[in-house]
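Geometric and topological summary
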Amino acid sequence: MTKLLSLIKLALGILGTFFIIQIIIGLPLILIFNIDILGREVTRSLILINIFTELVVIWFYLYKYKYYNRLLVNLKHIYISRLIFGSLLSIIIPLLLYFILYKYNDGKFLNSTTNASYQIGYLIAMLILATFEELLCRFILLEKFSELNSKFISISISSLFFSILHLSNPGISIFAFTNLFLFGFLLCLIYYKTKDLLLISFIHFGWNYTTGCIIGSNVSGMKFSSFYSYAGGSSNLLDGGEFGIEGSPITCLSLILIIIFYSIFTKKVEDKLIRTNA
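Bear in mind the structure is a predicted one, so any value in this text is a computation, not a measurement.

1. With respect to the packing of helix 5 (residues 116–145) against helix 8 (residues 197–215)
- Look at helix 5 against helix 8: their axes get within 8 Å of each other, and the N-to-C directions meet at 135°. Judged on the interaxial angle alone, helix 8 and helix 5 are oblique. Pair helix 5 / helix 8 crosses with right-handed handedness. Contacts between helix 5 and helix 8 involve Q119, Y122, L123, M126, L127, A130, T131, E133, E134, L135, R138 and F139 from the first element and L197, I200, S201, F202, H204, F205, N208, Y209 and C213 from the second.
- A class-by-class count of the residues in the contact of helix 5 with helix 8 yields 13 nonpolar, 5 polar and 3 charged.

2. With respect to the packing of helix 6 (residues 151–164) against helix 7 (residues 174–194)
- One way to put it is that helix 6 packs onto helix 7 with a least axis distance of 8 Å and a crossing angle of 135°. Classed by the angle they form, the pair helix 6 and helix 7 counts as oblique. Between helix 6 and helix 7 lies a crossing of right-handed hand. Between helix 6, through K151, F152, S154, I155, S156, S158, S159, L160, F162, S163 and I164, and helix 7, the contact on the second element is made entirely by F177, L180, F181, F183, G184, F185, C188, L189, Y192 and K193.
- Here the contact of helix 6 with helix 7 is built from residues that sort into 13 nonpolar, 6 polar and 2 charged.

3. Brief notes about the environment of D196
- Here D196 shows up in the loop between helix 7 and helix 8.
- Between the C-alpha atom of D196 and that of L75, which follows or precedes it by 121 residues, the distance is 7.6 Å.
- Excluding residues within four positions of it along the chain, D196 makes contact with N74, Y79, R82 and Y191.
- Separated by 3.0 Å, the side chain of D196 and the backbone nitrogen of L199 make a polar contact.

4. What about a nonpolar patch on the surface?
- Residues F99, I100, Y102, Y104, F109, F227 and Y228 make up a contiguous nonpolar surface patch of about 760 Å² in total accessible area.
- Per element, the largest residue contribution to the nonpolar patch is 4 residues, and it comes from helix 4 (residues 80–104).
- Within the secondary structure, F227 sits in the loop between helix 8 and strand 2 (228–232).

5. Quick look at the pattern of salt bridges
- This structure, assessed with the given rule, holds 2 salt bridges.
- Between D196 and R82 there is a salt bridge, with the nearest N and O atoms lying 2.9 Å from each other. Placement of the pair is D196 in the loop between helix 7 and helix 8 and R82 in helix 4, with a sequence separation of 114 residues.
- When the shortest N-O distance is used, the salt bridge between E134 and R138 registers 2.7 Å. Placement of the pair is E134 and R138 together in helix 5, with a separation of 4 residues, close to one helical turn. Each member of the pair, E134 as well as R138, carries the same accessibility label: buried.

Criteria and cut-off values
Residues numbered from 1 in each chain as written. Predicted model: local features only at pLDDT ≥ 70, side-chain atom pairs only at ≥ 80, totals over all residues. Heavy atoms only, no water. Axes fitted to C-alpha atoms, helices over the stretch in contact; angles between N-to-C directions. Helix = DSSP H or I, 4+ residues; strand = E, 2+ residues; numbered from the N terminus. Parallel < 35°, antiparallel > 145°, perpendicular 65-115°, else oblique. Left-handed = near helix turned anticlockwise from the far one by under 90°. Contact = heavy atoms within 4.5 Å. Nonpolar A, V, L, I, M, F, W, Y, C, P; charged D, E, K, R; others polar. Polar contact = N/O pair within 3.5 Å; in protein donor to acceptor, adjacent residues only side chain to side chain. Patch = residues over 30% accessible without salt bridge, like charges linked within 9 Å, V, L, I, M, F, W, Y side chains within 5 Å. Areas by Shrake-Rupley, 256 points an atom, 1.4 Å probe, with all protein chains shown as cover. Salt bridge = Lys/Arg side-chain N within 4 Å of Asp/Glu carboxyl O. Buried < 20%, exposed > 50% of the residue type's maximum accessible area, 1.4 Å probe, protein only.

Shown next, in the form of structure tokens:
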């Protein structure tokens with residue numbers, strides 16, 4: 001119990017430090033460049049500020065916990081086939097969810113305008129931001145919590161931390177908070193099995209880019225320049241409201257089913273390996 005309380009205190013300290021650095025560094029830059037953060041339209045300046053502040057946070061904690069060597073070891077072995085498979089799934093799943101909204105919620109897709117330079121910038125920025133979040137929530141935090149004997153508690157605290165990071169996003173709701181927790185829980189399970197930081201970063205990136213820049217829905221309440229624009233359907237609740245499909249009960253059900261399927265599948269694989277080696 002004492003170790004658990006100390007790790008919860010550690011998580012709150014990391015969370016507090018994250019927000020403090022965001023305020024100390026990010027807020028002055030937002031004021032200097034006169035960025036309208038209430039407009040919810042993601043601009044290049046806002047992305048660059050987010051990248052810079054998150055880079056400072058990651059550097060601080062890698063330095064504090066001396067995780068540089070552990071990070072290099074983690075990135076040393078890259079499994080291309082696994083990255084491709086994970087990325088494809090993270091693209092296909094949101095496309096299927098929006099097909100459901102299109103089919104059963106009278107969802108409407110409108111043509112939108114974007115350009116190559118914007119999309120290249122989004123590709124790079126979203127991958128960097130996804131990697132930073134995974135470094136913070138999965139690599140650093142989950143590695144620290146691995147000192148606990150309980151895998152479930154470790155994953156739950158890390159996932160809760162991931163959800164709390166998005167509390168200030170526009171349109172946050174009970175479903176949105178829950179879905180962020182479930183998404184973080186799934187990524188934690190995958191990381192526990194694979195210890196592959198790039199894999200979970202690519203999955204995270206694939207979801208965000210597909211939702212925000214291909215489909216044209218809000219990503220955690222933020223709007224990006226996109227190829228199409230999802231104009232919503234008959235039920236705002238099913239669409240996820242202002243937060244986007246990450247706030248939808250359909251996403252909640254889908255994530256629960258994916259977590260159950262992944263847990264059963266990996267358990268069967270482990271049992272098979274045990275029987276083979278016995």
